[in-house]
Amino acid sequence: MSPLPTRMANRWEKRRSLMLPPGQGRLYWHVLLGEDPQARAIVEEAHDRLAGLAGLDLVPRRFIHLTTFVAGYSHEITERQVTVMAAEAAGQLARVAPITVTLGRVLYHPEAVVLEARPSERLRPLLEAARFATRAATGRDGVLAHDTWLPHVTVAYSNADGPAAPIIDALGERLPEREVTIRSIHVVNQDGPETAWDWRPVAEVRLGAS
């Protein structure tokens with residue numbers, strides 16, 4: 001990400017044209033971390049430090065996640081193709097052991113506050129498996145959720161324009177580090193607008209499973 005921003009920007013206003021109505025969704029490859037005690041602990045600490053600050057939507061604890069890849073629109077991918085995607089990804093990840101990364105470094109974007117997952121190279125097999133499986137199952141290439149592959153766990157999204165200094169002062173550049181072990185990746189149907197948080201996992205692929 002770029003150097004520390006001086007201003008925050010309303011993410012939802014900027015993404016209004018990309019918002020989908022209820023009943024339409026996108027399929028994402030996500031690492032779901034809402035049940036991981038270490039991921040929950042560091043995100044909850046960040047939320048506690050940000051409590052009372054205006055202009056932020058905190059990520060719901062049950063949907064703490066690490067976005068890997070966007071497979072496509074849910075209405076363009078059949079249930080059968082999701083099954084094939086999961087099987088293809090399982091084949092790619094069968095010899096990949098659970099991956100441990102460290103969360104602690106705070107990164108700031110005008111539209112979000114995130115925790116970098118380090119070292120990022122360890123997560124590359126997840127991205128490559130998601131890419132391969134999406135192409136194999138659908139015949140189409142998916143897309144990165146961001147222009148640059150930078151694995152991270154989002155703490156909060158900006159819902160207003162305003163100064164960044166209060167947020168940066170509250171969190172600083174680093175939180176006490178937590179090690180998180182990733183054992184699976186999910187295909188998740190994100191239905192409707194992002195702000196609704198209407199998520200439904202439709203497939204799970206475990207690492208190192210024959």
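In this report, we go over the structure that sits alongside the text. (Residues numbered from 1 in each chain as written. Predicted model: local features only at pLDDT ≥ 70, side-chain atom pairs only at ≥ 80, totals over all residues. Heavy atoms only, no water.)

Glancing now at the layout of surface pockets. Its boundaries defined by the atoms lining it, the largest pocket holds a volume of some 870 Å³. As for the largest pocket, its lining consists of 36 residues, of which Arg11, Arg15, Tyr28, Ala145 and His146 are closest to the centre. Those elements that place two or more of their residues in the lining of the largest pocket are strand S2 (25-32), strand S4 (65-73), strand S6 (112-118) and strand S7 (152-158). Top element by residues in the lining of the largest pocket is S4. It accounts for six residues. (1 Å grid on protein atoms, 1.4 Å probe; cavity = no way out; pocket = protein on both sides within 12 Å on 5 of 7 lines; lining within 4 Å. Points joined across faces, edges and corners; volume = space filled by probe spheres on them. Helix = DSSP H or I, 4+ residues; strand = E, 2+ residues; numbered from the N terminus.)

Looking now at the pairing of strand S10 (residues 184-191). Summarising burial for S10: eight of the eight residues are buried, a large majority. Judged by which residues are buried, S10 turns out to be covered on both faces: Ser184, His186, Val188 and Gln190 on one side and Ile185, Val187, Asn189 and Asp191 on the other are all buried. Inspection of the sheet shows S2 paired to S10 by six bridges, in the antiparallel sense. When the bridges of S10 are listed, Tyr28 appears paired with Val188. Summarising the sheet, S10 and strand S11 (residues 198-206) pair through eight bridges and their orientation is antiparallel. (Buried < 20%, exposed > 50% of the residue type's maximum accessible area, 1.4 Å probe, protein only. Pairing = 2+ DSSP bridges.)

A few words now on the pattern of salt bridges. Within this structure, the stated rule accounts for 14 salt bridges. As a salt-bridge pair, Arg61 and Glu44 come within 3.4 Å of each other at their nearest N and O atoms. Highlighted residues: Arg61 in the loop between strand S3 (56-58) and S4 and Glu44 in helix H2 (residues 37-50), separated in sequence by 17 residues. Here the salt bridges do not stand alone but share partners, grouping Arg11, Arg15, Glu111 and Glu194 into one network. (Salt bridge = Lys/Arg side-chain N within 4 Å of Asp/Glu carboxyl O.)

Moving on, we get to the environment of Leu171. Along the polypeptide, Leu171 turns up in helix H5 (residues 165-171). Sequence separation of Leu171 and Arg49 is 122 residues, and the distance between their C-alpha atoms is 6.5 Å. In this view, Leu171 contacts Ala46, Arg49, Leu50, Val106, Tyr108 and Val113; residues no more than four positions away in its chain are not counted. (Contact = heavy atoms within 4.5 Å.)

Once that is clear, we can look at the packing of helix H3 (residues 79-93) against helix H4 (residues 124-138). For any two helices packed against each other, the geometry comes down to the angle between their axes and how far apart the axes lie. Relative to each other, H3 and H4 sit at 140 degrees, their axes nearing to 8 Å. Between H3 and H4, the crossing angle belongs to the class labelled oblique. Every pair of crossing elements has a handedness; the one defined by H3 and H4 is right-handed. Packed against H3, whose contacting residues are Gln81, Val84, Met85, Glu88, Ala89, Gln92 and Leu93, the element H4 presents Pro125, Leu126, Ala129, Phe132, Ala133, Thr134, Ala136, Ala137 and Thr138 at the interface. Considering only residue class, the contact of H3 with H4 consists of 11 nonpolar, four polar and one charged. (Axes fitted to C-alpha atoms, helices over the stretch in contact; angles between N-to-C directions. Parallel < 35°, antiparallel > 145°, perpendicular 65-115°, else oblique. Left-handed = near helix turned anticlockwise from the far one by under 90°. Nonpolar A, V, L, I, M, F, W, Y, C, P; charged D, E, K, R; others polar.)

So, about the nonpolar core. Among the nonpolar cores identified, the biggest contains 53 residues, and Trp29, Met85, Leu93, Leu123, Leu126 and Leu171 are the most heavily contacted of them. Ranked by residues supplied to this core, first place goes to H4 with six residues. Residues within four places of Leu126 in sequence aside, it is in contact with Val31, Thr68, Leu93, Ile99, Ile182, Ile185 and Leu207. One finds Phe63, Val114, Tyr157 and Trp199 within the second-largest nonpolar core, a separate group that totals 10 residues. (Core = buried A, V, L, I, M, F, W, Y, C linked by side-chain atoms within 4.5 Å.)

A few words now on H2. The first and last C-alpha atoms of H2 sit 20 Å apart over 14 residues, in line with the 20 Å expected at 1.5 Å per residue. Among the residues making up H2, those that are buried are Ala39, Ile42, Val43, Ala46, His47 and Leu50. Here the buried residues of H2 occupy an arc of 140 degrees about the axis, which is enough to place them on one side. When the buried face of H2 is taken as reference, the exposed residues oriented beyond 90 degrees from it are Pro37 and Asp48. (Expected span 1.5 Å × (residues − 1). Arc of directions from axis to C-beta.)

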